[in-house]
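# Remarks on the overall topology
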Amino acid sequence: MIAQLTGRVLHTGLDSLILGVGGIGFSIHVVPAFAQTLSRGEETTVHTSLIVREDSMTLMGFASADEREVFTTLLTVSGIGPRIALAALAVLSPDELRRAVRDQDLSTLQKIPGVGKKSAQRMALEIGDKLGMPAHLDSPSPATSAPHFGAVESEVKSALVSLGWSEAQAQGAIDALGGQGLGASDLLRAALVKLGGDRG
């Protein structure tokens, strides 16, 4: 199990990064908010979870050990895989997830892309108190990023498709959010919330 890597950022994408460690470049999937905090050439530590499948090995990365533990706990829920677990942390902070599970707040849990009412009920039931109690809840800051419509929309659409939505679903979500002046990270977060809310 690769639980943590410290190295130099070689590349950052909207929801991924390449971390150079000892001459090896590790490709790591991360939430957009974390990717946006990193700069090429910067030395950083990424908390990781290695997902092993028959045909692939994928590294998921997190800004803190707490996020990694929440991700790992989410994977214990029936029907919740790595894609949905990572998307959960793109939409909700660990403490917001703790509060939602503690309060059986199904509407908040359904904001997670790919989580409908039944999945939200399973999350609340199966996770129980495994996440612990929320320490604090921060209010989200208003979006202030300048718009770069063509490149931003294209990048966000690609990220949504890579997370499992069809091109039509991704384009529909972006079109519905157009004209709000959002940067790539904020637009992806808003699209994830919209796509999650549109599910049954």
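Per an unreviewed UniProt entry, the chain goes by Holliday junction branch migration complex subunit RuvA and derives from Schaalia cardiffensis F0333. On record in UniProt, under Subcellular location (unreviewed entry), the comment for the chain is "Cytoplasm".

## Some points on the sheet that holds strand β2 (residues 16-21)
Spatially, β1-β2-β3-β5-β4 is the arrangement adopted by the 5 strands of the closed barrel, whose pairing is mixed. The mean inter-strand angle of the sheet, taken between neighbouring strand axes irrespective of direction, is 55 degrees. Of the strand pairs in this sheet, strand β1 (residues 4-12) and β2 are connected by 4 bridges, and their pairing is antiparallel. By the bridge assignment, Thr12 is partnered in β2 with Leu17. Packing of helix α2 (residues 65-74) onto the sheet brings it into contact with β4 (43-53) and β5 (56-62), and relative to β4 it is tilted by some 10 degrees. Its contacts with the sheet put helix α3 (residues 82-91) on β3 (24-29), β4 and β5, and the angle it makes with β5 is roughly 10 degrees.

## What to know about the pairing of β5
Across 2 bridges, β3 lies against β5 in parallel orientation. The partner of Ile28 across the bridge, within β5, is Leu59. Sheet topology places β4 next to β5; 7 bridges connect them, and they run antiparallel. Residue pairing in the sheet places Ser49 in a bridge with Met60 of β5. The hairpin formed by β4 and β5 contains 2 residues between the paired strands.

## Let's talk about the packing of α2 against α3
Put simply, α2 and α3 touch, their axes get as near as 9 Å, and they point 140 degrees apart. One element, α2, and the other, α3, form an angle in the oblique class. The crossing of α2 and α3 is right-handed. Taken together, the residues of α3 that come into contact with α2 (itself represented by Glu67, Val70, Phe71 and Leu74) are Pro82, Ala85, Leu86, Ala88 and Leu89. Residues that form the contact of α2 with α3 fall into these classes: 8 nonpolar, no polar and 1 charged.

## Comments concerning the UniProt feature "transmembrane region" (unreviewed entry) in the chain
Under the local residue numbering, the UniProt record ascribes the feature "transmembrane region" (unreviewed entry) to residues 12-35 and 70-92. Between the end C-alpha atoms of residues 12-35 there is a gap of 6 Å, over a span that is 17% helix and 54% strand. Between the first and last C-alpha atoms of residues 70-92 the distance is 11 Å; the span itself is 65% helix and 0% strand.

## Some remarks on α3
The element α3 is largely enclosed, with a buried count of 9 among its 10 residues. Among the residues making up α3, those that are buried are Pro82, Ile84, Ala85, Leu86, Ala87, Ala88, Leu89, Ala90 and Val91.

## Section: the environment of Arg83
Inspection of the secondary structure assignment puts Arg83 in helix α3. In the structure, Arg83 is positioned 31 residues away from Gly114 in sequence and 9.0 Å away in space, judged by C-alpha atoms. If sequence neighbours within four positions are ignored, Arg83 has contacts with Leu163, Gly164 and Trp165.

About the criteria used
Residues numbered from 1 in each chain as written. Predicted model: local features only at pLDDT ≥ 70, side-chain atom pairs only at ≥ 80, totals over all residues. Heavy atoms only, no water. UniProt positions renumbered as here; feature names shortened; annotations may be inferred. Pairing = 2+ DSSP bridges. Helix = DSSP H or I, 4+ residues; strand = E, 2+ residues; numbered from the N terminus. Axes fitted to C-alpha atoms, helices over the stretch in contact; angles between N-to-C directions. Contact = heavy atoms within 4.5 Å. Parallel < 35°, antiparallel > 145°, perpendicular 65-115°, else oblique. Left-handed = near helix turned anticlockwise from the far one by under 90°. Nonpolar A, V, L, I, M, F, W, Y, C, P; charged D, E, K, R; others polar. Buried < 20%, exposed > 50% of the residue type's maximum accessible area, 1.4 Å probe, protein only.

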